[in-house]
Amino acid sequence: MVTPLRSLARRLLLPSALSCVLLAACGSGDLGVLSGDRLTVDPCRGDASRTFAPVRFEFDRLAWVHPIPSTGSIEMRRGHRATTESDLLLLQFADLPGSLAAWEADRETPLPLDGDAIRLSLVLNARCPDQVQPLVARGGSVRMTAFSPRDGGRIAGQAVFDLVDDRLRDAAGSPPAGSGMTLDFDLAVRSGRPQDVFTR
């Protein structure tokens, strides 16, 4: 059965995966970890919600997708699975030159995770196959400890944020799905064809 979210993922994410084949960096030793006290996904399986407490989601397949000079994204997946079958976290730099310039000017000040220049979204395709809407970051910041998005470079840092259901992002008083979430990530940039775009 193809859920609406998986159908959306096929349309939006598979082109990114193909861009990764041509342009990006995917490494077997890279790691991303999303952690927090509590995260609720509604619906998760069928019509039922699910609460994860505590939260620790590890991603061991990271790719730097950089199809055009002005944008770049870190795609984080778990295991040897297709993009639409894996939990997927995206950290997107919609204004990559601006983000790089801000970091170079002051490496100690975190970059704002504003949903515009820098965005974050989470789709739990594996843990919650019936999730119908991505969870997105609201507020928060990203402290980069390494930001060299070129072949042989390294991208690493930590983001702190709340996660909300995108359908309720603009609803006043709606509680977040997860408060005080933390994402730690570290990947080496390697140009070439990734090994794990599709299932084995």
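Each chain has its residues counted from 1, following the order in which its sequence is written. The predicted nature of this model means local features are confined to residues of pLDDT at least 70 and side-chain atom pairs, given and counted, to a pLDDT of 80 or more, with totals for whole chains, interfaces and linings taken over all residues. Processing note: side-chain calculations cover all non-hydrogen atoms of the structure and skip hydrogens and water entirely.

Next up on the list: helix α2 (residues 96–105). Only protein chains enter the accessibility calculation, which uses a 1.4 Å probe; a residue is then buried when its area is under 20% of its type maximum, exposed when over 50%, and partly exposed in between. A run of H or I in DSSP counts as a helix once it spans at least four residues, and a run of E counts as a strand once it spans at least two, with each numbered from the N terminus. Considered for burial, the residues of α2 that qualify are Leu96, Ser99 and Trp103. Viewed end-on, α2 has its buried residues packed into an arc of 65°, placing them on one side of the element. Tucked inside the fold, the buried residues of α2 contact β6 (61–65), β7 (72–77), β8 (87–93), β9 (111–112), β10 (118–124) and β11 (135–147). Capping the start of α2, Asp95 holds a side-chain oxygen 3.1 Å from the backbone nitrogen of Gly98, two or three residues further along. Directions pointing from the helix axis toward each C-beta atom define the arc. By definition, residues are in contact when any of their heavy atoms lie within 4.5 Å. Under the rule applied, a polar contact is a pair of N or O atoms within 3.5 Å (in protein, one hydrogen donor and one hydrogen acceptor; residues adjacent in sequence only if both atoms are side-chain atoms).

Okay, the packing of aromatic side chains next. Here a pair means two rings of Phe, Tyr or Trp (six-membered ring of Trp) with centres within 6.5 Å. Their orientation is stacked below 30 degrees between planes, edge-to-face above 60, and tilted elsewhere. Under the criterion given, the structure shown has four aromatic pairs. Here a set of aromatic residues connected by ring pairs shows up, and it is made of Trp64, Phe93, Trp103 and Phe147.

So, about the environment of Arg167. Mapped onto the secondary structure, Arg167 falls in the loop between β12 (154–165) and β13 (178–188). Look at Arg167 and you get partly exposed, because its relative accessible area is 47%. For the pair formed by Arg167 and Pro134, sequence separation is 33 residues and the distance between their alpha carbons is 8.7 Å. Not counting residues up to four positions away in its chain, the partners in contact with Arg167 are Asp42, Pro43, Val132 and Gln133.

On to the state of the cysteines. Disulfide: a covalent bond formed between the sulfur atoms of two cysteine residues. When two cysteine sulfur atoms lie within 2.5 Å, the pair is treated as a disulfide. A full pass over the atoms with the stated rule returns one disulfide. The disulfide that involves Cys44 links it to Cys128, with 2.1 Å between the sulfurs. Sign of the S-S torsion, about -85° for the bond between Cys44 and Cys128, identifies this disulfide as left-handed. Placement of Cys44 in strand β3 (residues 39–45) and of Cys128 in the loop between β10 and β11 is noted, with a sequence separation of 84 residues between them. Taken as a pair, Cys44 and Cys128 share a single burial class, namely buried.

A separate point is the nonpolar core. Within soluble globular proteins, side chains that are nonpolar tend to cluster in buried spots. In terms of nonpolar packing, the biggest core is built from 39 residues, with Leu34 and Phe161 touching the most fellow members. Considering each element in turn, this core owes the most residues, five residues, to β11. In plain words, nonpolar cores are sets of buried Ala, Val, Leu, Ile, Met, Phe, Trp, Tyr and Cys residues tied together by side-chain atoms within 4.5 Å.

Two strands qualify as a pair provided that DSSP identifies no fewer than 2 bridges between them. Where strand β2 (residues 31–36) lies against β13, five bridges are found, and the strand directions are antiparallel. From the neighbouring strand, Leu31 faces β13, where its bridge partner is Asp186. In terms of strand pairing, β2 meets strand β5 (residues 55–59) through five bridges, oriented antiparallel. By the bridge assignment, Ser35 is partnered in β5 with Arg56.

Turning to the pattern of salt bridges, a few remarks are in order. Note on definitions: salt bridges are taken to be side-chain nitrogens of Lys or Arg within 4 Å of carboxyl oxygens of Asp or Glu. Enumeration according to the criterion identifies seven salt bridges in this entry. Residues Arg190 and Asp30 are paired through a salt bridge, measuring 3.4 Å at the closest nitrogen-oxygen approach. Taken as a pair, Arg190 in the segment after β13 and Asp30 in the loop between β1 (25–27) and β2 lie far apart in primary sequence, 160 residues in all. Taking the relative accessible area as the measure of exposure, Arg190 reaches 36% and is therefore partly exposed. In this structure, Asp186 and Arg154 form a salt bridge, with 2.9 Å as the shortest nitrogen-oxygen distance. Within this pair, whereas Asp186 is found in strand β13, its partner Arg154 is found in strand β12, the two being separated by 32 residues in sequence. Among the charged side chains, a salt-bridge network with shared partners connects Asp60, Arg61 and Arg78.

Note on backbone geometry: most residues besides glycine have negative phi, and most peptide bonds are trans. The omega torsion of the bond from Asp42 to Pro43 falls at 0°, within 30 degrees of zero and hence cis. Within the secondary structure layout, Pro43 lies in strand β3. That bond from Ala53 to Pro54 is cis: its omega, -10°, falls within 30 degrees of zero. Looking at the element boundaries, Pro54 is found in the loop between β4 (48–52) and β5.

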